[in-house]
Amino acid sequence: MAREAPSPSTPSDPLERCNDALTTLQLLQLDPHGFGGACLRAPHGPVRERWLQALTGLGLGLIKVPGSVDSERLLGGIDLAHTLQTGQLHLQAGLLQQADQGLVCLPMAERLSTALLAPLVQALEQGQVPPTRHSAAPSPTRFGVVALDESLPDEPGVGAALAERLGVWLDLNELSPSDIHAAWKGDSGSDGLQIRLSPGALARARSHLPQVQATDEHMQALCAAALGLGIGSLRVPSLALRVACGHAALNGRSTLDADDLGFAARCVLAPRATQWPAEPSAEEAEHAPQEDATPPPEPPDKADQAPDNEAETDHTPDPGPPPEPSAEDLQEMMVAAALASLPPHMLDALMTRQGAANHNTSGRSGQTRAGSQRGRPLPPRPGRPGGQARLHVLATLRAAAPKQRLRQAHSTGRVAIRAEDFHIQRYQQRASSCLILALDASGSAALQRLAEAKGAVELLLQQSYARRDSVCIVAFRGAQAQLLLPMTRSLVRAKRAMTGLPGGGGTPLALALKMAHEQAAQLQRQGVTPILVVLSDGRANVTLQGLGGRAQAQTDAQSWGQQWRASGHRALWIDTSMHPDAQAQQLAATMGASYLPMPQVQSQRMAHAIERVRSPQA
């Protein structure tokens, strides 16, 4: 019997999440490359190790691809050791070819370079390894991907191009070893859940998979639920349908039911949600009952009535089977299941992500820059060593190996290397970021909300200190904006500056935005990525000249908001008014900032929201 979809207010059940992780393993065994694979977000620990042990025990071909692998090893190329040993050119199959009909495991998938992700995604999409300089024709291969995302909450996750093609997303961060033990007790015995399918059960499930039927209502409900959650890619509903069909085949069903769609909503749609589903408008809610209402049955004619009440009671017609759920009912069920599986603070994350999606920045807490001395290694490129550029020995030997036969006449038994073979090492460094806090200390910001804002800033300072990022505080009240704290990493100095901040007076919002813009320009010249967070109700009443005038003050604030948007830096507007204010929303839209109303300021919630703006892809 299918489970009922949980209500949106019901928190995600750890036991259900463990069962979803178990079902994902069975789906990988049933259809390893049909829905792309799985993205597992979990840190090192017993929970992830238990899942990986179960994955290894499935009996599938599992090929691990480290982040340091080069294109020759990934796609196939020269076997350098054998070539140098024998003096003849020898080729080797790449890791993607070896993973045919199996799985590719990507440890630390969030750190994979674009040069490695591009051919991997191409092979996953097209079912073949692209041709290289050593092979003119592509090599067919079909595999699924298990991406292990080990990123912290303030770091970006797996690349969007790869994550979009992985059907199931699992998040095991909140699970404990006891939860896994209780859900997977006896994973190979008779007193628990069976992870590895028996050959007979696997054959039956694979024979059921092509026979699973999906109606038009199912497909319409999947597309409508994805659209309501802000998922714009048509690939995602297609993957959700494939996952739902696999779930039905595992349970021996030939048609989809609510349980299959609910699993797809929890594991495929919910992790990709970028917005909270919109509530129906007042007109739709008013007309919905009228459209759905059915006219009452007409009273039967007296001639057709039964002769007595007893006969009428004995011949009551059978109501028959319940009607099939419509596409709207299925959509509501899937949206409810998706909302129930969202982790805490996800509503704030969806709201802040909407504004962050409009930015043209890199989407990371600090921008990247190329270097040649330190940082994350990048694939080597042809070039001449010298100065700070160092020779990459292995890449140089690989480039020279195919040409040794042509150079034998001029060689003395050693490897002949020419200048055209030289490859140099490259590294990538990540610039630090600085959080500019524009704190409203005017009279419109109540003292209690100002105190809560101070508490949130202190939490944020602790997190920035642990990450070695900087903080800059701009306070505005009365007729001026004050640089309360220049860019610093000192936690003690920042707390001391926040302690003595008074409140009261007018709201010179334009002056605060101007000072924040100047600080951002100075930080950018120093190679630091600025991020602005404004804590205000948006009720500006002091102009740039320090004079009163609400209309001119709003105009000045809009002008400097447009200049901040033109700079391309990220920003977050936290509305501290008791009710969401239209002026604050308009200013946030002008700045291109994420908008988050917070009538009752909560320090921990504010710190979470700011962290999401630091890393919107996390």
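Higher on the page you've got the structure.
First things first, this report covers the structure right here in the doc. Here the residue numbers are simple positions, counted from 1 along each chain's written sequence. Only residues with pLDDT of at least 70 are given local features in this predicted model, and only at 80 or more are side-chain atom pairs given and counted; all residues enter the totals for whole chains, interfaces and linings. Note that the side-chain values use all heavy atoms of the structure and ignore hydrogens as well as water.

**Observations concerning unusual backbone geometry**
Phi is positive for Gln-101, which is not a glycine, with a value near 65°. Runs of H or I in DSSP of at least four residues are treated as helices and runs of E of at least two as strands, each being numbered from the N terminus. Along the polypeptide, Gln-101 turns up in the loop between helix H5 (95-98) and strand E5 (102-106). Partly exposed residues are those whose accessible area sits between 20% and 50% of the maximum for their type, while under 20% is buried and over 50% is exposed, using a 1.4 Å probe and protein chains only. For Gln-101, a relative accessible area of 47% translates into the label partly exposed. For Met-108, which is not glycine, the phi torsion reads 50° and is therefore positive. With respect to the helices, strands and loops of the structure, Met-108 is situated in the loop between E5 and helix H6 (114-126).

**Observations regarding the packing of helix H1 (residues 14-30) against helix H2 (residues 46-56)**
Two elements in contact, H1 and H2, have axes whose closest approach is 10 Å; the angle formed by their N-to-C orientations is 25°. Taken together, the axes of H1 and H2 are roughly parallel relative to one another. In this structure, H1 meets H2 at a crossing whose hand is right-handed. Judged by residue contacts, Ala-21, Thr-24, Leu-25 and Leu-28 of H1 engage Trp-51, Ala-54 and Leu-55 from H2. Only the stretch in contact is used when fitting a helix axis, every axis being a line fitted to C-alpha atoms; angles between N-to-C directions are given from 0 to 180 degrees. What sets the label is the angle itself: under 35 degrees gives roughly parallel, over 145 gives roughly antiparallel, 65 to 115 gives roughly perpendicular, and the rest give oblique. Helix crossings get a hand from a simple test, with the near helix turned counterclockwise from the far one by less than a right angle marking a left-handed crossing and a clockwise turn marking a right-handed one. For this analysis, residues touch if any pair of their heavy atoms sits within 4.5 Å.

**Quick word on the sheet that holds strand E1 (residues 37-41)**
Taken in spatial order, the 5 strands of this open sheet run E2-E5-E8-E1-E9, and their pairing is parallel. Taken across any chain shown, the strands that pair with only one partner, and hence form the sheet edges, are strand E2 (62-64) and strand E9 (168-171). Taken pair by pair, the neighbouring strands of this sheet meet at an average axis angle of 20°, ignoring direction. Most of the contacts of H1 go to E9, to which it runs at about 145°, and overall it touches E1, E5, strand E8 (143-149) and E9. Whether two strands pair depends on DSSP finding at least two bridges between them.

**Here's the deal with the environment of Arg-41**
Mapped onto the elements, Arg-41 comes out in strand E1. For Arg-41, a relative accessible area of 18% puts it in the buried group. Taking the C-alpha atoms as reference, Arg-41 lies 4.6 Å from Asp-149; in sequence the two are 108 residues apart.

**Here we look at the nonpolar core**
Put simply, a nonpolar core is a bunch of buried Ala, Val, Leu, Ile, Met, Phe, Trp, Tyr and Cys residues held in one set by side-chain atoms that sit within 4.5 Å of each other. Core analysis: the largest hydrophobic core is formed by 65 residues, its most contacted members being Trp-51, Leu-55 and Trp-184. Apart from residues no more than four positions distant in its own chain, Trp-184 is found in contact with Cys-18, Ala-21, Leu-22, Leu-25, Arg-50, Trp-51, Ala-54 and Ile-195. Counting residues in hydrophobic clusters, the runner-up holds 32 residues, among them Met-515, Ala-557, Trp-560 and Ala-584.

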